[in-house]
Amino acid sequence: MAQSRRAHDQEASHVPAEEREHLEKLAAELSRYDVTTDVADDPSPRLRVGNPASAHAVEDVVCERREHGHAFLASFGVYLGSSGSLGVTAHKVAWLVGATEA
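Conventions adopted
Residues numbered from 1 in each chain as written. Predicted model: local features only at pLDDT ≥ 70, side-chain atom pairs only at ≥ 80, totals over all residues. Heavy atoms only, no water. Helix = DSSP H or I, 4+ residues; strand = E, 2+ residues; numbered from the N terminus. Buried < 20%, exposed > 50% of the residue type's maximum accessible area, 1.4 Å probe, protein only. Contact = heavy atoms within 4.5 Å. Pairing = 2+ DSSP bridges. Core = buried A, V, L, I, M, F, W, Y, C linked by side-chain atoms within 4.5 Å. Lys, Arg positive; Asp, Glu negative; His and termini not counted. Salt bridge = Lys/Arg side-chain N within 4 Å of Asp/Glu carboxyl O. Axes fitted to C-alpha atoms, helices over the stretch in contact; angles between N-to-C directions. Polar contact = N/O pair within 3.5 Å; in protein donor to acceptor, adjacent residues only side chain to side chain.

Caption draft 1: Seen up close, the overall build of the protein chain. Within the protein chain one finds two helices and five strands. The N-to-C order of helical and strand elements in the protein chain reads α-β-β-β-β-β-α. Looking at the protein chain as a whole, 35% of its 102 residues qualify as buried. Sequence separation of 24 or more characterises 33% of the internal contacts of the protein chain that already satisfy a separation of 6 or more.

Here it is in structure tokens:
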């Protein structure tokens, strides 16, 4: 029984680490834009993206596992893109905080 509990604990801790890895990749892609990024883990992995030109232009992006890869979602639940299209997703996030034009 102890082995199955340990395996379950390892699996549970693996998922947030995987989400964090995808959020870090999105943050790296966002470095092309004039935004600030910070990956935080509390209470769950999220990427806080801000526009330095406006203190109010801040968005938290979360990552969730899907059947085919990972999806990035805005804090209000809107789908922003997938782990397979980081460039497009980064552009949408930069637009969302006002750091680029459509």
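Additional details are given in the paragraphs that follow.
Caption draft 2: Focus on the pairing of strand E1 (residues 36-40). With five bridges connecting them, E1 and strand E2 (residues 46-50) associate as antiparallel partners. Its bridge partner lying in E2, Val-39 is registered against Leu-47.

Caption draft 3: Examining the nonpolar core more closely. Residues Leu-26, Leu-30, Leu-47, Val-49, Val-61 and Phe-72 are the most contacted members of the largest nonpolar core, which totals 20 residues. Secondary-structure elements contributing two or more residues to this core are helix H1 (2-30), E2, strand E3 (58-66), strand E4 (69-74) and helix H2 (86-96). Ignoring sequence-local partners within four residues, the contact set of Val-61 consists of Leu-23, Leu-26, Arg-46, Leu-47, Val-49, Phe-72, Leu-73, Leu-80 and Val-93.

Caption draft 4: Main features of the side chain of Glu-19. Here Glu-19 lies in helix H1. Put simply, Glu-19 is tucked away with no salt bridge, and the nearest opposite charge, on Arg-65, sits 7.8 Å away. Excluding its chain neighbours within four sequence positions, the residues that come into contact with Glu-19 are Pro-45, Cys-63, Glu-64 and Arg-65.

Caption draft 5: Here's a closer look at the sheet that holds E4. Taken together, five strands build an open sheet; the order of strands is E1-E2-E3-E4-E5 and the sheet is antiparallel. Edge strands, defined here as strands with exactly one partner in the open sheet, are E1 and strand E5 (79-82). Strand-to-strand twist across the sheet, computed as the mean angle between neighbouring axes with direction ignored, equals 25°. Note: E4 against E5, three bridges, orientation antiparallel. By the bridge assignment, Ala-71 is partnered in E5 with Ser-82.

Caption draft 6: Quick peek at the side chain of Thr-89. Along the chain, Thr-89 turns up in helix H2. With a relative accessible area of 0%, Thr-89 lands in the buried category. Polar side-chain contacts of Thr-89 include one of 2.8 Å to the backbone oxygen of Ser-85. Aside from chain neighbours lying at most four places away, what touches Thr-89 is Leu-26, Phe-72, Leu-80, Gly-81 and Ser-82.

Caption draft 7: Just the pattern of salt bridges, in detail. The final tally for this structure, using the stated rule, is eight salt bridges. Measuring nitrogen to oxygen at the nearest pair gives 3.2 Å for the salt bridge that ties Arg-20 to Asp-41. Here Arg-20 is found in helix H1, whereas its partner Asp-41 is found in the loop between E1 and E2, with 21 residues between them in sequence. Of the charged contacts in the structure, one is a salt bridge between Lys-25 and Glu-21, with a shortest N-O distance of 3.5 Å. Here Lys-25 and its partner Glu-21 are both found in helix H1, four residues apart, which amounts to about one turn of the helix.

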